[in-house]
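Here is how the chains run, residue by residue.
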Amino acid sequence: MPKLTRYIVIVLLLVVLILIRAFEDVLFYDPYLTFFENDYLYIDNPRREVFKLVFFTSLRYLLNTLASLGILYLLFQDKSIIKFAILVYVISYILLLIPFLYFVVNPRQADYYLFFNIRRFLIQPLLLILLLPAFYYHKLKR
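Chemist: Quick question: what am I supposed to make of the overall build of the protein chain here?
Modeler: If you tally the helices and strands in the protein chain, you get seven helices and zero strands. Out of the 142 residues belonging to the protein chain, those deemed buried represent 40%. The contacts of the protein chain with a sequence gap of at least 6 include a subset with a gap of at least 24, amounting to 71%. Carbon and sulfur atoms form 70% of the exposed surface of the protein chain, whose accessible area is close to 9000 Å². Once the 15 positive and 9 negative side-chain charges of the protein chain are each reduced to a mean point, those two points are 15 Å apart.

Structure, rendered in structure tokens:
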């Protein structure tokens with residue numbers, strides 16, 4: 001694939017990530033979006049449908065993951081990096097979903113900050129931001 005085409009597709013995938021974020025309130029069920037925008041330390045936990053929340057959070061994680069893997073592949077063009085990134089994404093999903101479910105089912109005001117950050121890793125492409133410099137450094141050291 002020519003470099004210019006690769007860069008255009010990378011930009012398009014970044015636009016996809018931006019659109020997922022921009023239209024999150026329309027595309028995904030997440031009562032915590034408005035909850036954490038407000039002064040959440042002084043209001044009650046929002047009403048939520050657990051299955052629906054987990055489904056849409058997982059869907060958003062999957063969409064972010066697919067776009068992120070596409071970006072990583074187009075930048076590094078190394079299948080071993082993509083295989084490792086897939087492993088990181090799957091393990092991260094499992095390890096983040098467990099406390100996410102705990103906090104959704106057992107909401108306590110003292111845990112809101114931790115819940116907010118765990119949720120952030122599930123709904124935003126933070127792993128891409130962590131993996132990009134790591135893989136770049138790995139490529140330099142090869």
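Here the narrative resumes, following the displayed structure.
Chemist: It is not clear to me how empty space enclosed by the protein should be interpreted in this structure. Could you clarify?
Modeler: The method is simple in principle: a probe with the dimensions of a water molecule rolls over the atoms, and the space it marks as empty is what remains. Inspection of the entire model under this criterion finds two cavities of 30 Å³ or more. Of the voids in this model, the largest cavity is the one considered here, and its volume is about 40 Å³. Every residue along the wall of the largest cavity is listed here: Tyr61, Asn64, Thr65, Tyr89, Phe121, Leu122, Gln124, Pro125, Leu126 and Leu127. For the lining of the largest cavity, the secondary-structure elements that each account for two or more residues are helix H4 (50–76), helix H6 (112–123) and helix H7 (126–141). Broken down by element, the lining of the largest cavity gets its largest block of residues, three residues, from H4. When its residues are assigned to classes, the lining of the largest cavity shows seven nonpolar, three polar and no charged. Estimated volume of the second largest cavity: approximately 30 Å³. Around the second largest cavity, the lining residues are Phe28, Tyr29, Asp30, Phe56, Thr57, Arg60 and Ile123. Class assignment for the residues of the lining of the second largest cavity results in four nonpolar, one polar and two charged.

Chemist: Teacher, can you tell me more about the packing of H4 against H6 here?
Modeler: When two helices pack together, their arrangement is given by the angle between the helix axes and the distance between those axes. At a closest axis distance of 7 Å, the pairing of H4 and H6 adopts a crossing angle of 50°. Comparing their axes, H6 and H4 come out oblique. Together, Thr57, Arg60, Tyr61 and Asn64 of H4 and Phe121, Leu122 and Ile123 of H6 make up the contact between the two elements.

Conventions adopted
- Residues numbered from 1 in each chain as written.
- Predicted model: local features only at pLDDT ≥ 70, side-chain atom pairs only at ≥ 80, totals over all residues.
- Heavy atoms only, no water.
- Helix = DSSP H or I, 4+ residues; strand = E, 2+ residues; numbered from the N terminus.
- Buried < 20%, exposed > 50% of the residue type's maximum accessible area, 1.4 Å probe, protein only.
- Contact = heavy atoms within 4.5 Å.
- Areas by Shrake-Rupley, 256 points an atom, 1.4 Å probe, with all protein chains shown as cover.
- Lys, Arg positive; Asp, Glu negative; His and termini not counted.
- Charge placed at Lys NZ, Arg CZ, Asp CG, Glu CD.
- 1 Å grid on protein atoms, 1.4 Å probe; cavity = no way out; pocket = protein on both sides within 12 Å on 5 of 7 lines; lining within 4 Å.
- Points joined across faces, edges and corners; volume = space filled by probe spheres on them.
- Nonpolar A, V, L, I, M, F, W, Y, C, P; charged D, E, K, R; others polar.
- Axes fitted to C-alpha atoms, helices over the stretch in contact; angles between N-to-C directions.
- Parallel < 35°, antiparallel > 145°, perpendicular 65-115°, else oblique.

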